[in-house]
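These are the residues of each chain, in order.
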Amino acid sequence: KASHVSERFILKEFAARNGTGCGPCEPELCPAARGCRAGLVLDACGCCKECGNLEGQACDPGERSVFYGLCGTGMRCMADPRPAAGEGGEVCVCEEQQPVCGSDATTYMNMCQFREASFSRPQLKTRGKGPCKTVPIIKVRPQSQVNGTGSSLVFLCEVFAFPMALVEWRKEGQDVILPGDDPHISVQSRGGPLKFELSSWLQIEGAGPEDSGTYRCIARNNLGSVSASAVLGILGAGNSPAASRQDHLSVIDFNE
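Calculation criteria
- Counting from 1, residues in each chain are numbered in the order their sequence is written.
- With the structure being a predicted model, the display of local features is reserved for residues of pLDDT at least 70 and the display and counting of side-chain atom pairs for 80 or more, all residues being used for whole-chain, interface and lining totals.
- With hydrogens and water set aside, each side-chain value is computed from the structure's full complement of heavy atoms.
- Paired strands, in this sense, are two strands between which DSSP finds at least two bridges.
- In this description a helix means any DSSP run of H or I spanning at least four residues, a strand means any run of E spanning at least two, and both kinds are numbered starting from the N terminus.
- Note on terminology: a nonpolar core comprises buried Ala, Val, Leu, Ile, Met, Phe, Trp, Tyr and Cys residues joined through side-chain atoms within 4.5 Å.
- For each residue, the accessible area found with a 1.4 Å probe, counting protein chains only, is set against the maximum for its type, and the residue is called buried under 20%, exposed over 50%, and partly exposed in between.
- The contact criterion used throughout is that any non-hydrogen atoms of two residues lie within 4.5 Å.
- Using protein atoms alone on a 1 Å grid, points that fit a 1.4 Å probe yet trap it form a cavity, whereas open point sets bounded by protein on both sides within 12 Å along at least five of seven lines form a pocket; residues with an atom within 4 Å of a point count as lining.
- Grid points are joined across faces, edges and corners, and a volume is the space filled by probe spheres set on the points.
- Put simply, Ala, Val, Leu, Ile, Met, Phe, Trp, Tyr, Cys and Pro go in the nonpolar bin, Asp, Glu, Lys and Arg in the charged bin, and everything else, Gly too, in the polar bin.
- By disulfide we mean two sulfur atoms from cysteines, separated by a distance within 2.5 Å.
- The axes are straight lines fitted to the C-alpha atoms, using for helices just the contacting stretch, and the angles between their N-to-C directions are given from 0 to 180°.
- Within 3.5 Å is the distance limit for a polar contact, defined as a pair of N or O atoms, with the added protein rule that one can donate a hydrogen and the other accept it, and that residues adjacent in sequence qualify only through two side-chain atoms.

A. Focus on the sheet that holds strand 11 (residues 166-171). Reading across the sheet, the five strands line up as 9-16-15-11-12 and stay open at both edges, with mixed pairing between neighbours. This sheet does not close on itself; its edge strands, each paired only once, are strand 9 (145-148) and strand 12 (177-178). Two elements, strand 9 and strand 16 (residues 224-235), share four bridges in a ladder whose sense is parallel. Residue pairing across strands places N147 opposite I234, the latter belonging to strand 16.

Below, the structure is given as structure tokens:
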């Protein structure tokens with residue numbers, strides 16, 4: 001009997017999507033929709049319930065599922081807002097774009113992401129609109145590296161925090177916030193790549209042996225501070241490739 005019901009449903013769905021008619025609505029033939037993280041929507045025939053599409057998935061505009069399906073709860077089908085979308089087309093976009101603080105102390109960038117997370121964790125609640133207040137979190141740590149004399153190099157540090165963090169760079173053994181007055185060292189920072197994040201770069205041009213050492217990215221706001229460090233090794237012109245590889249391994253061992 002189950003197989004018969006399933007076969008009838010598949011034929012009905014095929015007919016709806018190919019414009020040959022749906023026939024009478026028979027709810028008892030509808031399969032159970034499970035694991036629907038974005039809620040339930042009507043199928044192509046407007047009879048059975050099926051899983052709504054998630055945020056960012058392709059979708060059918062309007063109120064009828066034709067090919068891709070309809071967006072789930074709290075979303076609408078519209079042109080892809082992402083700059084690097086490429087081919088374009090419509091995707092599901094959350095209508096409530098304000099960040100939400102969850103009871104797990106996690107910031108969800110919109111209400112749809114919170115609903116998706118709470119599907120598998122019914123105990124998850126909202127603390128309120130807006131991001132969770134938190135000490136800075138270093139999302140991307142600077143990486144240790146080995147370079148030759150005269151080379152240019154960059155360390156990257158990406159930080160998430162609310163309130164927003166201030167980021168500074170220091171070199172161990174020196175009581176100076178970089179770049180100081182050193183003309184071959186520069187620091188640049190900008191917001192992003194995501195909301196409430198800050199990206200900071202430390203650049204050294206024409207590096208010499210005196211630039212070898214441990215560099216630390218320090219992020220702080222009024223709730224606290226965190227740091228991450230990376231080791232830089234500058235090889236002299238007389239180093240052999242084998243010695244360079246060994247020096248590289250030695251440097252990486254000290255990376256925190």
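B. Expanded view of the nonpolar core. In terms of nonpolar packing, the biggest core is built from 22 residues, with F155 and W169 touching the most fellow members. Counting only elements with at least two residues in this core, the list comes to strand 10 (153-162), strand 11, strand 14 (197-204), strand 15 (213-221) and strand 16. With five residues, the top contributor of residues to this core is strand 10. Discounting residues that sit within four places of it in the chain, F155 has contacts with P142, Q143, Q145, W169, S200, W201, L202, Y215, A230 and L232.

C. A look at the layout of surface pockets. Of the volumes computed, that of the largest pocket is approximately 510 Å³. If you trace the largest pocket, you find 24 residues lining it, with E55, M109, N110, Q113 and L194 closest to the centre. Elements represented by at least two residues in the lining of the largest pocket include exactly strand 4 (90-94) and strand 8 (134-140). Its residues assigned to classes, the lining of the largest pocket shows 11 nonpolar, seven polar and six charged.

D. Spatial organisation of the state of the cysteines. Scanning all chains against the criterion turns up eight disulfides. Between the sulfur atoms of C94 and its disulfide mate C112 the distance is 2.1 Å. Its S-S torsion of about 85° marks the bond between C94 and C112 as right-handed, since a negative value means left-handed. In this pair, C94 sits in strand 4 while C112 sits in helix 2 (residues 111-119), placing the two residues 18 residues apart along the sequence. You'll find C94 and C112 in the same group, each marked buried.

E. A look at the sheet that holds strand 13 (residues 185-191). If you trace the four strands from one edge of the open sheet to the other, you get 8-10-14-13, paired in antiparallel fashion. Where the open sheet ends on each side, the last strands, each with one partner, are strand 8 and strand 13. Averaged over all pairs of adjacent strands, the angle between their axes in this sheet comes to 25°, without regard to strand direction. As defined by bridge partners, strand 10 adjoins strand 14 across eight bridges and the pair is classed as antiparallel. In the strand pairing of strand 14, C157 is matched with S200.

F. Structural view of the side chain of S199. Position of S199 among the secondary structure elements: in strand 14. In contact with S199, not counting residues within four places along its chain, are L156, C157, E158, Q188, S189, R190, G192 and P193.

G. Focus on helix 2. Residues of helix 2 that are buried include every one of M111, C112, F114, A117 and S118, and no others. Packed against the buried residues of helix 2 are strand 3 (75-79), strand 4, strand 5 (100-102), strand 6 (107-108) and strand 7 (126-129). Between the side-chain oxygen at the start of helix 2 and the backbone nitrogen of C112 there is a gap of 3.1 Å, and the oxygen is on N110.

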